[in-house]
Amino acid sequence: MGAQVYQQEITARASEALNATSTASPSPARPQWVVNQTIVRSMRSPLAGTARLPLGRLAVASARTRSMMGKLLYPRDCVVHRMDLSLPPAPEREVITIHDVVAWKFPDESAPIKVAAEEARRAAAVICVSQFSAQEAVELLGITDPFVVHNGVDERFFDAMAGPSAYLSALGLRGPYVLHAGGASKRKNLAALAQAWPKIHSARPDLTLVLSGPEHEDRTRLFASLAGTALVGRVPSGSVPGLVAGASVVVVPSLYEGFGLPALEAMAARTPVVAARTSSLPEVVGDTGVLVEPTGDDIAEGVLWAATHDARIQEMVEAARARAELFTWDRSAQEHAKVWRTVLG
């Protein structure tokens, strides 16, 4: 999912970005940055990590308890970038990332960490992944002057080839398809997509709606009985670019996104995008995709137009490919490095 991709991509580039920045301003006495990664797991998690914490208890713990735990977890005399608000705060020089404020706005999302907003206001720097999420953090959480650093897109998506026919056949796909990838919480607006699909399928019975993502009862309830749909579950990371590139349309009907990575991935892969004209999606897509109101009728109209691949759609696809080049993980890491160096002072 988006937050995990962000963590992996920025962490992998942190050392190079920091040291490239430090050598850009010659100073023979300036040491190289050393980057250490702490991977925290819950006490019962089967996943490997470098530390274990009672994350469930920490979510509702007092500010004092979380502060004490942070002093035990993090090394002294360093900049700590906390990429997950469930982790305890660092005692000093802390940077945090706020992808969105859905925990505070949508009751079906995970509940917010009890003192997360208070901790965020004390951080040395806050990074938000879009102008939209930054404004939300200012208005709802009281953050002052957050830094906006956009996410990037994996290079594998640029001009990716459609997935092998054998793989697509294994998913039950033997013709053109519309792809929705991601979660199924209320803000993803799958109810409107479910209203739109019978209209799309009636006009274009050759199209299949492919829904990928973790199993979710709402997705199953909405789509399992609809003709022309395929619920394919989680897709291995290596297969995602081919699945995106092979789609006739990628649809992102969300009511609320902090960034909207599936739209950007489709843009890089030269796949037409239909996205809701809401939250951060216009900021990412610009005028290179079909922006619609998040209603069943408008989503249906947008998908049917995008699937025609007429001249205007092809112009959008080419413009989207060029726009996607502005959103790279290397560039994002370099902007992160500027923030880290600012916090060090």
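Residues numbered from 1 in each chain as written. Predicted model: local features only at pLDDT ≥ 70, side-chain atom pairs only at ≥ 80, totals over all residues. Heavy atoms only, no water.

A.B. asks: So what exactly am I meant to see when it comes to the pattern of salt bridges here?
C.D. replies: Proximity of charged atoms lets side chains of opposite charge pair with each other. Taken as a whole and judged by the stated rule, the model has 22 salt bridges. Two residues, Asp159 and Arg270, come together in a salt bridge whose shortest N-O distance is 2.6 Å. Taken together, the residues span a long stretch of sequence, with Asp159 in the loop between strand E6 (147-148) and helix H7 (165-170) and Arg270 in the loop between helix H11 (261-268) and strand E11 (273-276) at a distance of 111 residues. Judged by its relative accessible area of 37%, Asp159 falls in the partly exposed class. Relative accessible area serves as the criterion here: at 35%, Arg270 is assigned to the partly exposed category. Linking Glu257 and Lys188 is a salt bridge whose minimum nitrogen-to-oxygen distance equals 2.7 Å. Residue Glu257 is located in the loop between strand E10 (249-252) and H11, and its partner Lys188 is located in the loop between strand E7 (177-181) and helix H8 (190-203); the two are separated by 69 residues in the primary sequence. (Salt bridge = Lys/Arg side-chain N within 4 Å of Asp/Glu carboxyl O. Helix = DSSP H or I, 4+ residues; strand = E, 2+ residues; numbered from the N terminus. Buried < 20%, exposed > 50% of the residue type's maximum accessible area, 1.4 Å probe, protein only.)

A.B. asks: Sorry if this is basic, but what is going on with the sheet that holds strand E9 (residues 229-233) here?
C.D. replies: Where strands meet in a sheet, backbone hydrogen bonds hold them as pairs that are either parallel or antiparallel. Strand order in the open sheet formed by 6 strands is E9-E8-E7-E10-E11-E12, and the pairing between neighbours is parallel. Bordering the open sheet on either side are E9 and strand E12 (290-292), each of which pairs with just one other strand. Adjacent strand axes in the sheet meet at a mean angle of 20° when their direction is disregarded. Relative to strand E8 (residues 208-212), E7 runs parallel, the two sharing 5 bridges. (Pairing = 2+ DSSP bridges. Axes fitted to C-alpha atoms, helices over the stretch in contact; angles between N-to-C directions.)

A.B. asks: What should I look at first to understand the side chain of Thr271 in this one?
C.D. replies: The topology assignment puts Thr271 in the loop between H11 and E11. Taking the relative accessible area as the measure of exposure, Thr271 reaches 3% and is therefore buried. When neighbours within four sequence positions are excluded, Thr271 is seen to be in contact with Val244, Ala245, Ala247, Ser248, Val249, Val250 and Ala266. (Contact = heavy atoms within 4.5 Å.)

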